[in-house]
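Take a look at the letters that make up each chain.
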Amino acid sequence: VLIDNDRCIGCRFCMAACPYGARSFNWGHPHDPPEAAAEPYSPEQGFPRRIGTVEKCDFCPDMAAQGKLPACASGCPMGAIYYGDENEDAVTNSQGDTQRLSKLLVDRAAYRHLEELGTKPRVFYLPPANRQFPFSGAPAGHEHTHE
Amino acid sequence: MSNLQVPQVETDLIATLGPMGRRQKLTILALFVVALWGWIAYAHQARYGLAVTAMNDYFSWGIYIINFVFFIGISMAGTLISAMLRLSGAHWRGPITRLAEAITLFSLLIAGPMVIIDMGRPDRFYMILLHGRFQSPILWDVLSLTTYMAGSLLYLYLPMVPDMAILRDYPGTLPKWRRKLYTRLSLGWTGTDLQRRILDRAIFVMAIVILPVAVSIHTVTAWLFGMTLRPGWHTTIIGPDFVVGALYSGVAAVITVIALFRKFFRLERYLTPDHFSKLANLLLVFGLIYAYFVVNEHVGSIYTNEGPEQRLDRSMFGGTYTYQFWAMVLIGLVLPVLMLCVPRLRTAAGIVTASILVNIGMWLKRYVIVVPTLAAPFMPVVGGKPLNYVPTWVEWSITVGAFAGLSLMYVVFARIFPIISIWEMQESHEASANAPVASRRLPAGAGLVTGLLIAAGVGILTQSARAAETQPASSTQPSAQVALAVVTEDKEQLVRATITFNGKPVENATVQFFAGRTFGNLKLGEDKTLDDGTAAVKFPTGLPGGANGELNLIAEVTASTNYAGACTTITASGGVPARAAVEPFPRALWAPHAPIILLVVIACLFGSVWITYAYVTWQLFALRKGASQ
C-alpha cells in the first residue's frame, strides 16, 4: 500500500474507512531529521514527510528493492518478524532464517486479523508454540518463539 | 391574503429591500464579525495544520464533517418545499418557495467549503480533477455536490425572473446599480404568453430534475460513511437515513427561517400561522419516520450483540457518548414530536420552538453518527482507554463562523432580492382558488437502457514443469569442488551435489541444500556424502521460480571442517513460473481502473441531469427572444 504524498489531499477518507486503524496523519508540520528532509521524495521511501498527508506502514519497499528486509524485521532482536515475497513462497527473519511460507502458515496455524471483512490482509500472526512458562494477561498471539 | 390588493403586495415586498433599520445594520455587522472570526481561526489552522484541532489518528474526522453533513441536510429544504410542493400543487407554498430555495443554495455554499476546511491539503483540491478516481465515493460526492449546487442556483433563479422585471419597472426610487442588476437578470421579461409558457416549462422541468439530484447528494454523503467497514456506518439504512434526516432538518430549517423573517422583515401578512401549521404537519411526519429509522438503526445491533457493534451501542446507551445520544433522542425526536402532537403546544411559538429543537437535535445526531463510530475501532486501542473527542476553540470558531456566514449570505440576499416571490403572490391572489397547475405529462424519459456485456478475459497460464537438466556447475571454492545437478533417479527428481577434492570424491561431508530467495535462502534439506562424494535431497516441488520457472539452487558443505564453506550455485529450471496476480484486487472499487459499468452509470445519471440543465439554460435564452412576441 503506497501513498503518494505529493498527491494526497488529506481528506482522511482512507483513515476513517480503515478497520485496522493502520493509518496515521501528519496533523502538524513533521519533524524530519535534516538528512531525511534533504532527500528527494519518493512514495517508496515515504520521506521527506509532508504536512496534511496520510502515512502508513508500507513494508519499506525501498529496502525490498535492494533485497533487504524491512526495518522492523531486520531490527527485531528476537527474529519474531518474518518478511518475504509471497510469489517466492518464502519468508525470512533478522536471523537469516528462511521458511517456506505456505508450510509455515499451515504448520503454525497462522491467522490474520479481521479476515472475515474480506480485506485480504498480508500480515499473518503465528500463535505461540512450545511455551515453557505460564503466561497470562496479555492478548494471545502477537509473539512467537522461533529459535 | 385575499384582502390584499395587488399593488399592495408589490409595495410590501419591495419594502423589504428598502433602507435598512438600525437593528438590521447591527445584525449584519454582528454576523460579519463572527464570520470574520471564523476566517481568522481558519487562517490559524492553515498556518499550523490540522494539529490545532482535536482530531487525531482515531478521530480522523470531527466537527467539520459533522457540520458538512448538517449543512447538506438543511439544503434539502429548498428542494422539498419548492419541488415537492410545486409538483404536488400545494398552493400554500407560494410565499415560502424562494425562502426555502435560498436555504438550499446557501447551505450548499457553506457545506462545500466545510469539506475543504477539513482537508489536510486544501491547496491540492485540483488533484481531485486531475487524478480523481470514479470508484471513490469522494468523487461521487464532488460530482453530486456540484450538480446540486448548479441545479439549485438555476432553480432559485428561474422563478425570480418575473420579479426582476417587476423591480426593473418599479416606479419608486432604486439605486442605479440595483436597477442595472434587475434589468440584466430580468432577461427582457415582459410577461408575454410565450414567455410564460417557456418559464412554466423550465420551472417544471427543474422541479422534476432537482428531486433525484437532491436524493443523490444525501445518499452519496451517506455513502461516504456507508462504503467503509466500520460499525454504525456500514449499514443498509444509512442512505435512506440521511435522506429522511435531511427532510426532517430541512423542514425545521424552513420553519426557523420563516419565523425569523416574519419578525425581522415584518412579513406577518404573508408568512401566516397557516404556513406554520402546514409545515408542522410535514415536520411531524418526517420526525416520526426518522424516529422509526433511528430505532431500526440500533435495534438489530443491540439484539445480535456482535462485538464491534456492541462496543458502539454501549458507548452510546451508557458510555462515553450517553449524553450526546440521549440528548439527540430527547431534543431531536421526542420533544418536538410531542410538541407537534399536543394541540395546546401546536401554536406558532410552539412549532418554532420544536423546529429549533429539531435543528439542534439533528446537529447532535450528526455528531452521534460521526464520532462514536470512530471511537469504536475494531482493533484494541493503544492504552485501552475509551476515546473521546472534544473540539478545540479553532473548530468551534470555524463552526460558529460558518453559521454566521450562512446567515450573512442569507440576509444580504434577502436585502438585494425579494425573499418572497412577488409575481407568484400576485398570481395566487388574482387566481385565488383557481389552481393554475394544469396536469402535464412527464417529459419522455431519457430511456437509457444499458445493455452492456463485460467480457472477462481469462488468461490461461500454462505451467511448464519440465524436468530440468543439469547446467555446468561453477565452483567457487578452491579447496573442495562442489558440483550441483538436478537428476532423476528411480522416477524421483533429486538435487545432487558431488563433492570432490583434487579430483577425489569426499565422503561423509554434510551438505546443505538451499533454494535462493530474495531475502534469504530457503533450506531444502541436508545430506551426508556417500563414498562417491554425492549427497542429494528431493527436488522442491511446487516452489515458485523466476519468470520461466528457473530456480537458484545452492549446495554448501557445512561439516567436516576441512571442507566447510565450499559452496556452489546453479540455475535450474523446474520451479513454478512466477506470475503476477491477474487481478490482485478483484473487488471493483479497489481496482486500479473503474469498472466500465460504473462509468456508464455515472455518465448516464449525471449526463442526463446536466443535459437537462443545458436545456433549461437554453430556455432562458428563448425567454429573451420571446419578449418581442
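The coordinates are above.
First, a word on what this report is: a plain description of the structure on this page. (Residues numbered from 1 in each chain as written. Chains lettered and ligands numbered in written order. Predicted model: local features only at pLDDT ≥ 70, side-chain atom pairs only at ≥ 80, totals over all residues. Heavy atoms only, no water.)

## Looking at the overall build of chain A
Under the convention used in this document: Helix and strand definitions follow DSSP, with helices as H or I runs of at least four residues and strands as E runs of at least two, each counted in order from the N terminus. Only protein chains enter the area calculation, which uses a 1.4 Å probe; residues under 20% of their type maximum are buried, those over 50% are exposed, and those in between are partly exposed.
When helices and strands are tallied, chain A shows five helices and four strands. Helices and strands appear in chain A in the N-to-C order α-β-α-β-α-α-β-β-α. For the C-alpha atoms alone, the extent of chain A along its principal axes is close to 45 × 30 × 30 Å. Each of the 147 residues in chain A was classed as buried or not, and the buried ones make up 37%.

## Section: the overall build of chain B
Condition: Any two residues whose heavy atoms approach within 4.5 Å at even a single point are treated as in contact. Note that accessible areas follow from Shrake-Rupley with a 1.4 Å probe, and for residues the cover is restricted to the protein chains shown.
From N to C terminus, chain B includes 18 helices and nine strands. Counting every position in chain B, which comprises 629 residues, the buried fraction comes to 52%. Long-range contacts, defined as pairs at least 24 residues apart, comprise 75% of the intrachain contacts of chain B with a sequence gap of at least 6. Per element, the accessible surface of chain B, about 29,600 Å² overall, is 64% carbon and sulfur.

## As for the packing of aromatic side chains
Rules: Stacked, tilted and edge-to-face are the three classes applied to pairs of Phe, Tyr and Trp rings, where Trp contributes its six-membered ring and a pair requires centres within 6.5 Å; stacked means planes under 30 degrees apart, edge-to-face means over 60, and tilted covers the rest. Consider the ring centre and the ring normal. A charge sits over the ring if Lys NZ or Arg CZ is within 6 Å of that centre and within 35 degrees of that normal.
Inspection of every chain in the model, using the stated rule, returns 32 aromatic pairs over all chains. Geometrically, the ring pair formed by B:Trp610 and B:Tyr613 is edge-to-face, given 5.0 Å between the ring centres and 70° between the ring planes. Residue B:Trp610 and its partner B:Tyr613 are both found in helix H18 (residues 596-626); the two are separated by three residues, about one turn of the helix. The rings of B:Phe106, B:Tyr182, B:Phe261, B:Tyr410, B:Phe413 and B:Phe417 are connected pair by pair, giving a single aromatic cluster. If you follow A:Arg12 out to its NZ or CZ, it ends over the ring of A:Phe25, 5.1 Å from the centre. Its guanidinium or amino end placed over the ring of B:Trp233, B:Arg230 lies 6.0 Å from that ring's centre, counting from NZ or CZ.

## Concerning the pattern of salt bridges
All names here are of chain B. Under the convention used in this document: Criterion for a salt bridge: a side-chain nitrogen of Lys or Arg within 4 Å of a carboxyl oxygen of Asp or Glu.
In this structure the tally under the stated criterion is 17 salt bridges over all chains. The residue glutamate 489 makes a salt bridge to arginine 496 at a minimum N-O spacing of 2.9 Å. Across the salt bridge formed by lysine 523 and glutamate 526, the nearest N and O atoms sit 3.3 Å from each other. By relative accessible area, which is 42% here, lysine 523 ends up partly exposed. Residue glutamate 526 is classed as partly exposed on the basis of its relative accessible area, which comes to 43%. Each member of the salt-bridge network shares a partner with another, and the members are Arg86, Arg93, Glu101 and Glu424.

## Re unusual backbone geometry
Here the bond from A:Phe47 into A:Pro48 is cis, since omega is 0°, no more than 30 degrees from zero. On the secondary structure map, A:Pro48 appears in the loop between helix H2 (34-38) and strand S2 (54-56). Positive phi is not limited to glycine here, since A:Lys120 has a value of about 50°. The residue B:Asn305 is not glycine, and still its phi comes out positive at about 60°. With respect to the element layout, B:Asn305 can be found in the loop between helix H12 (273-304) and helix H13 (307-318).

## Comments concerning the interface of chain A and chain B
Heads up, the condition is: Buried area is calculated as the accessible area (1.4 Å probe) missing from two parts once they are joined, with the contributions of both summed. Counting of polar contacts relies on pairs of N or O atoms within 3.5 Å, with two restrictions inside protein: one atom must be capable of donating a hydrogen and the other of accepting it, and residues adjacent in sequence are counted only when both atoms are side-chain atoms. By the convention adopted, Pro, Cys, Tyr, Trp, Phe, Met, Ile, Leu, Val and Ala count as nonpolar, Lys, Arg, Asp and Glu as charged, and the other residues, Gly among them, as polar.
Contacts between the two partners involve 45 residues from chain A and, on the opposite side, 44 residues from chain B. Among the residues chain A hides against chain B, the three largest losses belong to A:Ile9, A:Phe13 and A:Trp27. Together they make up 21% of the total. Run the count over chain A and chain B and you get one salt bridge. Residue B:Asp118 is joined to A:Arg12 by a salt bridge in which the shortest nitrogen-to-oxygen separation is 2.7 Å. On the surface where chain A and chain B come into contact, there are 21 residue pairs in polar contact (both at pLDDT 80 or more). Listing elements by their share of the side of chain A that touches chain B, those giving two or more residues are helix H1 (13-17), strand S1 (23-25), strand S3 (90-92) and strand S4 (98-100) of chain A. Among the elements that take part in the side of chain A that touches chain B, H1(A) stands out by supplying four residues, more than any other. The residue makeup of the side of chain A that touches chain B, split by class, is 19 nonpolar, 16 polar and ten charged.

## Comments concerning the pairing of strand S9 (residues 567-572) of chain B
Residues and elements named next belong to chain B. Here is the rule: Any two strands with at least two DSSP-identified bridges between them are counted as paired.
Only one face of S9 is covered, namely the face carrying Thr568, Ile570 and Ala572; the face carrying Cys567, Thr569 and Thr571 is uncovered. Bridging between strand S8 (residues 551-557) and S9 involves six bridges; their strand directions are antiparallel. When the bridges of S9 are listed, glutamate 556 appears paired with cysteine 567.

## Regarding empty space enclosed by the protein
Put simply, the test is: Put plainly, a pocket is an open set of points on a 1 Å grid over the protein atoms alone with protein on both sides within 12 Å along at least five of seven lines, a cavity is a set where a 1.4 Å probe fits but cannot get out, and a lining residue has an atom within 4 Å of a point. Grid points are joined across faces, edges and corners, and a volume is the space filled by probe spheres set on the points.
What the rule picks out here adds up to four cavities of 30 Å³ or more. Computed from the structure, the largest cavity encloses a volume of approximately 100 Å³. The wall of the largest cavity is formed by 14 residues, among which A:Met15, A:Cys18, A:Gly21, B:Asp57 and B:Arg230 lie closest to the centre. Tallied by class, residues from the lining of the largest cavity come to nine nonpolar, two polar and three charged.

## Quick word on the layout of surface pockets
Residue and element names in this part refer to chain B. Counted as a void, the second largest pocket has a volume near 1,200 Å³. Along its surface, the second largest pocket is lined by 41 residues, and Leu260, Phe261, Phe264, Ser407 and Val411 are the ones closest to its centre. Every element with two or more residues in the lining of the second largest pocket is listed here: helix H1 (6-15), helix H2 (22-48), helix H3 (63-74), helix H11 (238-264), helix H15 (348-374) and helix H16 (393-416). Element by element, the count of residues in the lining of the second largest pocket is highest for H16, at ten residues. When its residues are assigned to classes, the lining of the second largest pocket shows 25 nonpolar, nine polar and seven charged.

## Concerning the packing of helix H4 (residues 76-87) of chain B against H11(B)
All names here are of chain B. Rules: Fitted lines through C-alpha atoms give the axes, limited to the stretch in contact for helices. The angle between two N-to-C directions lies from 0 to 180 degrees. Roughly parallel means an angle under 35 degrees; roughly antiparallel, over 145; roughly perpendicular, 65 to 115; everything else is oblique.
Packing of H4 against H11 leaves a shortest axis separation of 7 Å and a crossing angle of 85°. By the criterion of interaxial angle, the relationship of H4 to H11 is roughly perpendicular. Residues Met76, Ala77, Leu80, Ile81 and Met84 of H4 touch H11, and the partners they reach there are Val243, Ala246, Leu247, Gly250, Val251 and Val254. Of the residues belonging to the contact of H4 with H11, the class tally is ten nonpolar, one polar and no charged.

## What to know about the environment of B:Ile66
Here B:Ile66 lies in helix H3. If we ignore the near neighbours within four places in the chain, the residues touching B:Ile66 are B:Trp363, B:Arg366, B:Tyr367, B:Val370 and B:Val371.

## So, a positive patch on the surface
All names here are of chain B. Selection rule: In this scheme, patches are assembled from residues that exceed 30% relative accessible area and form no salt bridge. Like charges are connected within 9 Å, while nonpolar side chains (Val, Leu, Ile, Met, Phe, Trp, Tyr) are connected within 5 Å. Charged residues are defined narrowly, with Lys and Arg counted positive, Asp and Glu counted negative, and His plus the chain ends left uncounted. Here the site of a charge means atom NZ of a Lys, CZ of an Arg, CG of an Asp or CD of a Glu.
A cluster of like positive charges, contributed by Lys176, Lys180, Arg184 and Arg624, occupies part of the molecular surface. If one sorts the elements of the positive patch by residue count, helix H9 (residues 176-185) sits on top with three residues. Position of lysine 176 among the secondary structure elements: in helix H9. On the basis of relative accessibility, which here comes to 74%, the residue lysine 176 falls in the exposed class.

## Quick notes on H15(B)
Structurally, the α-helix is built with 3.6 residues per turn, so residues lying three or four positions apart point the same way. The line we're drawing: One less than the number of residues in a helix, times 1.5 Å, gives the span that helix is expected to have.
With 27 residues, H15(B) extends 40 Å from end C-alpha to end C-alpha; this agrees with the ideal 39 Å at 1.5 Å per step. Within H15(B), 22 of the 27 residues are buried, which leaves it mostly tucked inside the rest of the structure.

## A closer look at the packing of H13(B) against helix H14 (residues 322-341) of chain B
Residue and element names in this part refer to chain B. The interhelical angle for the contact between H13 and H14, taken along N-to-C directions, is 70°, at an axis separation of 5 Å. Put simply, H13 runs roughly perpendicular to H14. Between H13 and H14, the contacting residues are Ser315, Met316, Phe317 and Gly318 on the first element and Thr322, Phe325 and Trp326 on the second. Among the residues forming the contact of H13 with H14, the class breakdown is four nonpolar, three polar and no charged.

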